[in-house]
Amino acid sequence: MTISYHWLSEYLPVKLDPERLSRILTSIGLEVESMEPFEEVKGGLAGLIIGEVLHTEKHPNADKLTLTRVNIGESTPLQIVCGAPNVAVGQKVVVAPVGTTIHPTSGDPLTMKVAKIRGVESHGMICAEDEIGLGTSHAGILVLPPDAPVGQSAESYFKPFSDTIYEIGLTPNRADAMSHWGVARDVCAYLSHHDRRELRPVIPNVNLRADQQTMSVSVTVENQAACPRYSGVCLSGITIGPSPKWMQERLKAVGVRPINNIVDITNYIQHETGQPLHAFDFAAIRGGRVIVRNEPDGTPFRTLDDKERTLSKEDLVICDAEGGMCLAGVFGGLSSGVTDATTSIFLESAFFDPTTIRRTSFRHGLRTDAATRFEKGIDISNTVNVLKRAAQLVKEICGGVIASDFIDIYPKPEPKKEVILKNQYLKKLSGKNYHSETVKNILISLGFTIIKDSMDALSVQVPHHKRDVSLPADIVEEILRIDGLDNIEIPTAITLTPSVEANYKAEGLKEKIANALVGLGFNEILTNSITNSSYFSDTQLASTVKLLNNLSTELDVMRAAMLPTALEVIAFNSNRRNTNLRLFEYGKSYRTDGPGQYSETNHLCLYLAGQVAEQNWKGKAVPADIYFLKGAVAAVLQLLGLPVSFETGEESPHFNGMMVARIEGQVAVKLGQVAPAVTAKYDVKQPVFFANVNWDIVLKAALAQTVKYKEVSRFPAVERDLAVIVPREMPYETLHNGIRKLHLGNLQDVRLFDVFESEKLGAGKKSMAVNFLFLDTEKTLTDKEIDGWMQKIMTTLETDLGAEIRRQ
């Protein structure tokens with residue numbers, strides 16, 4: 001929200017300097033995010049002086065240049081070389097002496113220096129209007145009236161408008177502060193409380209009636225739920241033209257471009273009062289009727305920007321007897337707007353349902369200032385008062401007359417909410433004892449009405465402009481806001497009641513694994529759960545959750561998988577030469593199985609790209625591969641007490657070398673290399689390895705684990721190695737599962753430590769070397785026992801797998 005210091009000051013009964021006003025605004029919850037000077041003319045004409053041309057002669061070395069002597073009120077006139085064709089003796093002009101910085105209407109600032117132009121020194125410049133920001137013409141120098149005083153600063157002569165602009169960070173519930181009137185009300189409440197004197201904002205009091213009864217419009221509101229109140233008035237005898245300078249200056253200061261007097265008045269009123277208005281050309285209202293209704297689905301409508309839009313049956317439209325004129329509360333229509341030929345208008349002031357306006361605004365991509373205010377909720381009680389204020393300005397500025405009675409369709413007046421605030425609750429929530437008179441004065445200054453004041457409670461009526469206030473806690477917030485949060489005393493002791501979260505174990509395990517992955521060199525990322533539908537196939541999109549009001553065309557679905565958003569991160573880093581990546585992310589994927597049937601799945605995903613070890617004096621670089629990723633996943637599961645074995649997964653067009661791990665029969669882990677065809681879509685040119693851990697399955701199994709402690713064995717473990725020759729296509733997984741089926745209780749671990757391929761082993765053969773670790777916690781193992789187990793293993797491998805034992 002943009003607030004003008006000078007504009008706001010007009011409604012304050014006392015003068016405040018900009019710095020103090022900034023502190024007050026932040027103190028009352030209207031946080032000032034920036035406070036910047038505004039200059040209608042860049043540079044404010046600083047350093048420029050009014051001068052008089054005393055002498056002119058032709059430049060000796062240039063046909064189009066003129067030598068001049070200019071009096072700027074000093075003892076010696078300045079010699080200035082001028083290129084303007086209209087310079088003449090006796091003219092009053094604007095001079096930029098040496099050292100002055102000029103700010104052109106377009107272009108960069110320029111500081112004057114002594115310059116030699118075709119061999120003749122020039123001590124400044126006689127300025128054209130575009131060279132000092134006063135206009136756009138460069139046809140010649142700016143010639144002032146003959147009575148312009150020589151030696152006067154251009155700043156004091158032209159008096160360019162300047163202001164201080166506050167950018168206020170409003171929270172969505174503070175619709176009451178989206179206007180200069182609303183901010184003035186809060187500032188006065190603060191001053192009344194802290195300066196101990198009653199101050200009220202200086203708000204214009206307008207009491208108008210019809211000047212004549214020469215025009216009439218029949219207004220019908222068919223959808224009263226979407227338009228609870230509709231007000232309007234007709235004005236005739238209007239002359240369309242520029243708005244006055246003071247109005248243009250204020251509008252420019254808050255970032256609004258002046259258009260014409262009628263449009264400027266509606267914009268001015270919107271920023272002054274917070275109430276959006278709309279002006280219709282009366283001649284364009286067919287049949288003399290205004291109807292507020294919903295049009296059928298598919299109805300075409302051409303808006304003010306000359307674009308044809310297709311209406312939804314949920315869009316509220318202001319119509320005449322033949323069709324739509326305006327998207328209610330959002331955007332005007334092309335055929336009914338005010339033009340230079342307009343002489344009569346119908347001025348609208350209404351309250352529209354916030355939800356209806358927001359949906360229409362997003363549906364058609366029309367995020368207008370009016371829609372922003374309506375969707376947050378305006379003051380329904382103020383439509384007629386604001387309409388009268390606007391009509392007054394139209395009469396003063398456009399020369400019009402009020403040609404009809406003020407129309408007000410308000411069939412079901414909205415009752416004011418009533419809230420009971422108990423003194424004990426106020427003390428409990430605020431931590432401060434407030435005198436009852438202090439509380440009442442603060443609330444009254446904010447527009448609340450005191451209904452009943454008892455010994456232990458206060459009953460108040462909430463004004464319509466405070467649409468967010470409905471609970472006692474809201475009333476406490478208003479009191480604290482005006483009193484100042486900094487004024488709450490800090491107690492010498494604070495009593496806390498510790499609470500234990502219901503899912504603290506789950507969060508603890510999550511944190512434990514995150515720390516472990518960081519220890520393995522991984523970095524955590526957090527990607528957007530809203531992503532682009534183009535990342536997913538038609539099959540996936542059938543069950544993808546789609547957004548109804550997406551903020552952009554690129555972000556239109558909830559992600560059906562974790563990989564696409566992570567590949568965006570990998571592409572971003574790779575394109576900036578950060579190619580060695582170890583990333584992990586906790587997140588959710590979303591799906592729908594039909595209307596109202598939605599589900600979420602929690603994931604822990606690991607991503608690997610580039611090198612896992614860079615080249616150094618001791619060794620070569622080690623590229624990332626699936627086995628490093630598999631080891632990281634195995635370490636994570638081991639830390640959770642869930643040792644698993646991996647097996648070959650189903651083939652997928654999205655992954656190469658897919659491997660899976662199961663927990664209680666469910667696939668808990670999938671990992672593999674992302675197919676190059678997939679990474680190419682994201683402009684990732686290096687291999688990417690991806691592990692997807694179904695965190696829901698893993699967490700359930702981990703929480704079911706019971707931690708058991710046992711004494712470290714006092715007896716030594718024994719290792720044996722075995723080399724076997726198997727078919728080249730046989731994975732280690734087959735060998736490992738065959739050994740585990742023997743259920744040897746003293747076999748603690750089986751580990752592959754070498755793979756060797758050679759034609760000497762036979763065609764299509766390879767050798768795998770496996771290490772076995774045996775341990776008995778009760779006694780020392782004998783060679784006879786170990787030999788017996790090794791014999792069982794060798795027999796099983798030879799018999800069941802057709803393996804050949806390599807013997808020395």
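Quantities reported herein were computed from a predicted structural model and do not represent experimental measurements. (Residues numbered from 1 in each chain as written. Predicted model: local features only at pLDDT ≥ 70, side-chain atom pairs only at ≥ 80, totals over all residues. Heavy atoms only, no water.)

## Quick notes on the pattern of salt bridges
Any two side chains of opposite charge can pair, so long as their charged atoms come close to each other. Inclusion rule: Here, a salt bridge means any Lys or Arg side-chain nitrogen found within 4 Å of an Asp or Glu carboxyl oxygen. A run of DSSP states H or I qualifies as a helix once it reaches four residues; a run of E qualifies as a strand once it reaches two. Both are numbered from the N-terminal end. Exposed residues in this analysis have more than 50% of their type's maximum accessible area, buried residues have under 20%, and partly exposed residues fall in between, with area computed by a 1.4 Å probe over protein chains only.
The tally for this structure, following the rule as stated, stands at 40 salt bridges. Across the pair Asp186 and Arg481 runs a salt bridge whose closest N-O atoms are separated by 2.8 Å. Pair noted here: Asp186 is in helix α4 (residues 180-194) and Arg481 is in helix α12 (residues 472-483), with a separation of 295 residues, a long-range link. A single burial state applies to Asp186 and to Arg481, both of which are buried. One salt bridge in this structure joins Arg367 and Glu375, with 2.9 Å as the shortest N-O distance. For Arg367, a relative accessible area of 39% corresponds to the partly exposed category. In this structure, a network of salt bridges that share partners links the residues Arg174, Asp176, Asp186, Lys466, Glu478 and Arg481.

## Topic: the sheet that holds strand β36 (residues 646-648)
Inclusion rule: Being paired, for any two strands, means DSSP has found at least two bridges between them. Should any heavy atoms of two residues lie within 4.5 Å, those residues are considered in contact. Only the contacting stretch of a helix is used when fitting its axis, a line to C-alpha atoms as for every element, and angles between N-to-C directions run 0 to 180 degrees.
Across the sheet, seven strands lie side by side as β29-β32-β33-β39-β38-β37-β36; this open sheet has mixed pairing. Because the sheet does not close on itself, it has two edges, and the strands there are β29 (523-524) and β36. Inspection of the sheet shows strand β32 (residues 581-594) paired to strand β33 (residues 597-609) by 13 bridges, in the antiparallel sense. The residue bridging Tyr590 from the neighbouring strand is Glu600, located in β33. The strands that helix α15 (residues 563-574) touches are β32, β33, β37 (655-663), β38 (666-674) and β39 (688-694); relative to β32, the one it contacts most, it runs at about 150°.

## Some thoughts on the environment of Thr343
With respect to the element layout, Thr343 can be found in the loop between β22 (331-332) and β23 (345-351). By relative accessible area, Thr343 is classed as partly exposed at 47%. Those residues in contact with Thr343 that sit more than four places away from it in its chain are Leu235, Ser236, Gly237 and Ile238.

## Overview of the packing of aromatic side chains
Here is the rule we go by: Aromatic contacts are taken between Phe, Tyr and Trp rings whose centres are within 6.5 Å, Trp giving its six-membered ring; a plane angle under 30 degrees counts as stacked, one over 60 as edge-to-face, and the others as tilted.
Tallied over the entire structure, the rule returns 13 aromatic pairs. Relative to Trp181, the ring of Tyr11 has its centre 6.4 Å away and its plane inclined at 90°; by these criteria the two rings are edge-to-face. In this pair, Tyr11 is assigned in the loop between α1 (5-9) and α2 (18-27) and Trp181 in helix α4, connecting sequence segments 170 residues apart. Here Tyr11 matches Trp181 in class, with each residue buried. Ring centres 5.1 Å apart and planes at 65° place the aromatic pair Phe352 and Phe374 in the edge-to-face group. Placement of the pair is Phe352 in the loop between β23 and α7 (354-363) and Phe374 in helix α8 (residues 369-376), with a sequence separation of 22 residues. You'll find Phe352 and Phe374 in the same group, each marked buried. Chaining the aromatic ring pairs together yields one cluster made of Trp7, Trp246 and Tyr268.

## Concerning the pairing of β32
Within β32, 10 of the 14 residues are buried, leaving the element largely enclosed by the surrounding structure. Sheet analysis places β29 next to β32, joined by two bridges and oriented parallel. Note that in β32 the partner of Glu524 across the bridge is Phe584. Between the antiparallel neighbours β32 and β33 lie two residues, among them Gly596 with a positive phi of about 75°.

## Some thoughts on α15
Along an α-helix, residues three or four positions apart point the same way, because every turn accommodates 3.6 residues. We count it as follows: The span you would expect from a helix comes to 1.5 Å times its residue count less one.
Helix length check: α15 (12 residues) gives 16 Å between terminal C-alpha atoms against 16 Å at 1.5 Å per residue, within 8%. By the burial criterion, the buried members of α15 are Leu563, Pro564, Thr565, Ala566, Leu567, Ile570, Ala571, Asn573 and Ser574.

So, to be careful, I would describe these as geometric facts and stop short of saying anything about function.
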